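Structural overview for review
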Amino acid sequence: MGRITVLDQNMVNMIAAGEVIERPASVVKELMENSIDAGATSITVSIEDGGRRLISVADNGCGMDGEDLANAFEPHATSKVSNSSDLHTISTLGFRGEALASITSVSQVRAVSRTKDAAGGNCIEIDCGVKSGVSPCSGGVGTTIQVRDIFYKLPARRKFLRTANTEMSHISEQFTRIALANPEVAMILMHNGRELHRLDAGQPGETQRRRIGQLFSAEICNGLIEFQTNENRLSIRGLLGRPEIARSNNKFQYVFLNGRFIRDKFISHAIREAYRGTVEPDRFGVVFLFIRIPFEDVDVNVHPTKIEVRFYNSNLVHSQILAGLREKLLGTNLETVATIPSAAVRRDMGTARPPDGKIADAMAEFFKKHAPVRTQQRFSYRSAMAAAIPIERTPQLPVNVMQIHDSYIIAQTDDGFVIVDQHALHERILYEELSARVRKSKLESQRLLIPESFELTDAEANAVERHGDLIEKLGVELVPFGPRTMAVQAFPTLLGTAAPADFVRDLLGILTDKELTDDADRLLDAVLNMAACKAAIKAGQKLSLSEMEQLLTDRETTDYANRCPHGRPTIIKFTLGDLEKQFKRT
Ligand code: ADP
Ligand code: MG
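Keep in mind the model is a prediction, meaning the values are calculated, not measured.

1. Considerations on the site of ligand 1
- Taken together, 18 residues surround ligand 1, and among them N34, T78, S79, K80 and G97 come closest.
- With respect to ligand 1, the side chain of D59 contributes an N or O atom lying 2.9 Å from a nitrogen atom.
- Note that an oxygen atom of ligand 1 is positioned 3.3 Å from one of the backbone N or O atoms of A99.
- If ligand 1 stood free it would expose 530 Å²; the protein chains cover 93% of that surface.

2. With respect to the packing of aromatic side chains
- Under the criterion given, the structure shown has 10 aromatic pairs.
- With centroids separated by 4.8 Å and ring planes inclined at 10°, the aromatic side chains of F417 and F574 adopt a geometry described as stacked. Of this pair, F417 sits in strand 20 (residues 416–421) while F574 is found in strand 24 (residues 571–575), placing the two residues 157 residues apart along the sequence.
- Since its relative accessible area comes to 24%, F417 is described here as partly exposed.
- Summarising the aromatic geometry, the rings of F491 and F503 are spaced 5.4 Å apart at their centres and angled 80° between planes, so their arrangement reads as edge-to-face. Of this pair, F491 sits in strand 23 (residues 485–492) while F503 sits in helix 16 (residues 500–511); the two residues are 12 residues apart in sequence, bridging distant segments of the chain.
- The exposure class assigned to F491 is buried, which follows from its relative accessible area of 5%.
- Among the aromatic side chains, those forming a connected cluster through ring pairs are F216, F252, Y254, F256, F261, F288 and F290.

3. Section: the nonpolar core
- Ranked by size, the top nonpolar core spans 55 residues in total, and within it M32, I43, V45, F73, M187 and F288 carry the most contacts.
- Of the residues forming this core, the biggest block, 7 residues, is contributed by helix 6 (residues 164–181).
- Per-domain counts for this core show at least three residues from each of domain 1 (9–197) and domain 2 (216–332).
- Those residues in contact with M32 that sit more than four places away from it in its chain are I43, V45, V57, F175, I178 and M187.
- Counting 36 residues, the second-largest nonpolar core is a separate cluster that includes L507, I510, A526 and A532.

4. Let's talk about the pattern of salt bridges
- Within this structure, the stated rule accounts for 30 salt bridges.
- Close ionic contact of R110 with E125 constitutes a salt bridge, the shortest N to O distance being 3.1 Å. Residue R110 is found in strand 3 (residues 108–114), and its partner E125 is found in strand 4 (residues 121–127); the two are separated by 15 residues along the sequence.
- Among the salt bridges present, the one from E556 reaches R555, with a minimum N-O distance of 3.8 Å.
- Its relative accessible area of 10% is what places E556 among the buried residues.

5. Quick notes on the pairing of strand 1 (residues 42–48)
- Residue alternation in strand 1 divides its side chains into a buried set, I43, V45 and I47, and an unburied set, S42, T44, S46 and E48.
- Here strand 1 runs beside strand 8 (residues 186–191); their pairing, made up of 6 bridges, is parallel. In the strand pairing of strand 8, S42 is matched with A186.
- Pairing of strand 1 with strand 2 (residues 54–59) involves 6 bridges; the strand directions are antiparallel. Bridge pairing in strand 2 links I47 to I55.
- Between strand 1 and the antiparallel strand that follows it, strand 2, lie 5 residues; D49 among them carries a positive phi value of about 50°.

Conventions adopted
Residues numbered from 1 in each chain as written. Chains lettered and ligands numbered in written order. Predicted model: local features only at pLDDT ≥ 70, side-chain atom pairs only at ≥ 80, totals over all residues. Heavy atoms only, no water. Near = heavy atom within 4 Å. Polar contact = N/O pair within 3.5 Å; in protein donor to acceptor, adjacent residues only side chain to side chain. Areas by Shrake-Rupley, 256 points an atom, 1.4 Å probe, with all protein chains shown as cover. Phe/Tyr/Trp six-rings, centres within 6.5 Å; stacked < 30°, edge-to-face > 60°. Helix = DSSP H or I, 4+ residues; strand = E, 2+ residues; numbered from the N terminus. Buried < 20%, exposed > 50% of the residue type's maximum accessible area, 1.4 Å probe, protein only. Core = buried A, V, L, I, M, F, W, Y, C linked by side-chain atoms within 4.5 Å. Domains from an automatic or database assignment. Contact = heavy atoms within 4.5 Å. Salt bridge = Lys/Arg side-chain N within 4 Å of Asp/Glu carboxyl O. Pairing = 2+ DSSP bridges.

What follows is the structure in structure tokens.
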């Protein structure tokens, strides 16, 4: 007798459920999406025990009649597509007709539904794929689906569930994604009878900012810059976090495509590139992006939970997002605004916290009114795009200047004072200067009186050979000096303060870094960063008045002077208004 049997439909569903239903949060996502597709304007999600005991989703959508209720839980049962051409223009969140069948194959389900015109509702119960008949029951217009004891017949999968708290955090994340994408729908999330979120319905067309404010902290909400572009069939609305609220991971990067939360490596890359130089390399900008694209320009049928999609023109999507974000970020005044008073001072004074962002808004307003904004077009090697972006400058020249702790410069300005991090600012100035010169030709160099020798490994010797052009452009001249030894014979004048052999050792470290050598732009960026850092004035270094003034003057003509090349701020501003507030003069 053969060993092969054809599995019955229930087994097929159970196996398929593994793809769609990973944990309670997957059930929440599928049910909420069905409610959105049903046109609901209000959705209530109630969870017990992290979703293990109960997941209930109630909506006021179009509902189902008795016949549809009987069919909805069959595999491949859907009202959203009917022929193959529909697959090219999917406008609903669901279309695979799999979710309800998958959920009911691994749990106990009770569904109640009523359509608008019906006198009463109907209900159905399904226990791990075994269906009862449809029977009439009472209930309002819409659908309520209750899912109990998920995976109870699959002990291996049930064991895989984490603590109620962990499962709840996954549920909350799914809820948040759907809530962000649908700000006009009222939503409630309850856990064990406790209300976690109550989101009222926004006006149609209202921006997502309000919802972000309800779901996230005031710090995030106030640190967002809005932008919008509409080109090449692609419309993007975005809320971009200012660099100071950047995070250590990309969990606060929410990307929605046609109302669906997605993860896309091209888009993530574009976001990263857009923030490059404005945040430190290991930080991630907070981003909410709402992208709309014609349905036929994207394939959403490539992943069981549709979290990944395939763009027909992913290069265009990448470049348009990168250009849009970068333009907005560089065109915005991203100077760090002092958030005084500090927590400790506030406690001492017993004052209420000034609302976040108020100072920033007031300052922006002030500069708009009083400052004749000078704009300048400069070429930056980072991307030709940046060339077209006017760079805002603060037209304030120092009056009184002093250094404190041999590390910071304090300078009076027209309407207050600034504190400058001398190393960070000098680093940026050198970086821009170096990159402008290297782009144009090469750095000027000076012969060393006594060549400095250093030993090198085979890999480093290879790197010297392979990157000969770059080394030459940097104005570094290396000559063989014996077995596995070379000497620095000439060194760039601009880096005069750095120790030549020490510099070359760091340079070789970068030139042998496999992660960098594939990308000429990143490699050069890393080299220039290192060079600027090595040659810049250090913290703890005493400066003369004229040196300080020079630094502040150079700042006026340097691009991106408000951030060091690693993305840290170089300057913090205080206005007289801030001081007056602190001294309770206002
Ligand atoms: P899909 O969403 O891919 O069509 P589902 O298995 O999630 O597949 O749902 C099957 C069908 O059941 C849907 O196409 C829809 O017609 C109906 N349905 C599911 N949930 C609801 C709901 N909350 N309100 C109205 N109809 C629903
Ligand atoms: Mg569905």
